[in-house]
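Chain residues, written in single-letter form:
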Amino acid sequence: MNLIDKTISFVKEKLENAEGGHDWFHIERVYKNSLLIAKDEECDLTVVQLGALLHDIADSKFHDGDESVGPRTARTFLEKEGIAEATIQHVVNIIENISFKGGNFEKNFHSKELEIVQDADRLDALGAIGIARCFNYGGFKNRALYNPEIQPNLNMSKEEYKKSDSPTLNHFYEKLLLLKDKMNTPAGRKIAEARHQYMQEFLSQFYAEWNGEK
């Protein structure tokens, strides 16, 4: 079994009982998106593949906000597989810098491989699947669908974003609708544009139904 197949098996096992928006199928979609975007980019494909497969191996949302669990888990696995330290560190850097976290923070690492995996991950937060994931997580956290009296907070710090329990629909404005303009690659931007439009159409329909107009 080659390294990528071993990594896939490892991730499937670790995420066997994960929340539906952050399970193996999320990883698989991000992996496929990464390969699609990477076709048009000069990059280390192995780092892209490993970064995509391991980027959510232990999402801090499900580990009491501890952001060290994911990178540590990935490093332990890759070290056991005898992977070169430079590759391990690059994958760890991707995991540590991929998340949105409110959008109001500076990344301390940059690489083409990070840009590719980050775009692939963000694409899975857009469009029909992005909508499904958003409401699935809101239900998982027992959040209200929508409350017109609670306005979205567009200026949250990283810590405020992590602790937010606002209605699910607010998340569209606090993250999802912001992603289109934060894409890194031409391929990512093209796909994001169409998925962004789909979400805007969904919101128009949602408000119309909410207000008894349709």
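Residues numbered from 1 in each chain as written. Predicted model: local features only at pLDDT ≥ 70, side-chain atom pairs only at ≥ 80, totals over all residues. Heavy atoms only, no water.

Draft legend 1. Molecular detail of the overall build of the chain. Secondary structure summary: the chain contains ten helices and zero strands in total. For the chain, buried positions account for 49% of its 214 residues. When the accessible surface of the chain is totalled, it reaches about 11,100 Å², and 47% of it is carbon and sulfur. (Helix = DSSP H or I, 4+ residues; strand = E, 2+ residues; numbered from the N terminus. Buried < 20%, exposed > 50% of the residue type's maximum accessible area, 1.4 Å probe, protein only. Areas by Shrake-Rupley, 256 points an atom, 1.4 Å probe, with all protein chains shown as cover.)

Draft legend 2. How the structure looks around helix α10 (residues 186–210). Taking 1.5 Å of rise per residue, 25 residues should cover 36 Å, and α10 covers 36 Å from first to last C-alpha, within 8% of that figure. Here the buried face of α10 lies against α2 (24–38), α6 (112–123), α7 (127–140) and α9 (170–174). Of the residues one or two after α10, Gly212 is the one with positive phi, at around 70°. (Expected span 1.5 Å × (residues − 1). Contact = heavy atoms within 4.5 Å.)

Draft legend 3. Helix α5 (residues 85–97), seen in detail. Given a rise of 1.5 Å per residue, 13 residues ought to cover 18 Å, and the 18 Å separating the end C-alpha atoms of α5 matches this to within 8%. Along α5, the positions that sit buried rather than exposed are Thr87, Ile88, His90, Val91, Val92, Asn93, Ile94, Ile95 and Asn97. Buried-residue contacts for α5 involve α3 (45–54), α4 (69–80) and α6.

Draft legend 4. Main features of the packing of α3 against α5. Across the interface, α3 lies against α5 with an axial gap of 9 Å and an inter-helix angle of 45°. One element, α3, and the other, α5, form an angle in the oblique class. Seen from above, α3 lies across α5 with right-handed handedness. Mapping the contact onto sequence places Val47, Leu50, Gly51 and Leu54 in α3 and Thr87, His90, Val91, Ile94 and Ile95 in α5. A class-by-class count of the residues in the contact of α3 with α5 yields six nonpolar, three polar and no charged. (Axes fitted to C-alpha atoms, helices over the stretch in contact; angles between N-to-C directions. Parallel < 35°, antiparallel > 145°, perpendicular 65-115°, else oblique. Left-handed = near helix turned anticlockwise from the far one by under 90°. Nonpolar A, V, L, I, M, F, W, Y, C, P; charged D, E, K, R; others polar.)

Draft legend 5. Expanded view of the packing of aromatic side chains. Within the structure shown, the criterion is met by eleven aromatic pairs. Ring geometry for Phe206 and Tyr207: centres 6.0 Å apart, planes at 90°, overall edge-to-face. By relative accessible area, which is 14% here, Phe206 ends up buried. (Phe/Tyr/Trp six-rings, centres within 6.5 Å; stacked < 30°, edge-to-face > 60°.)

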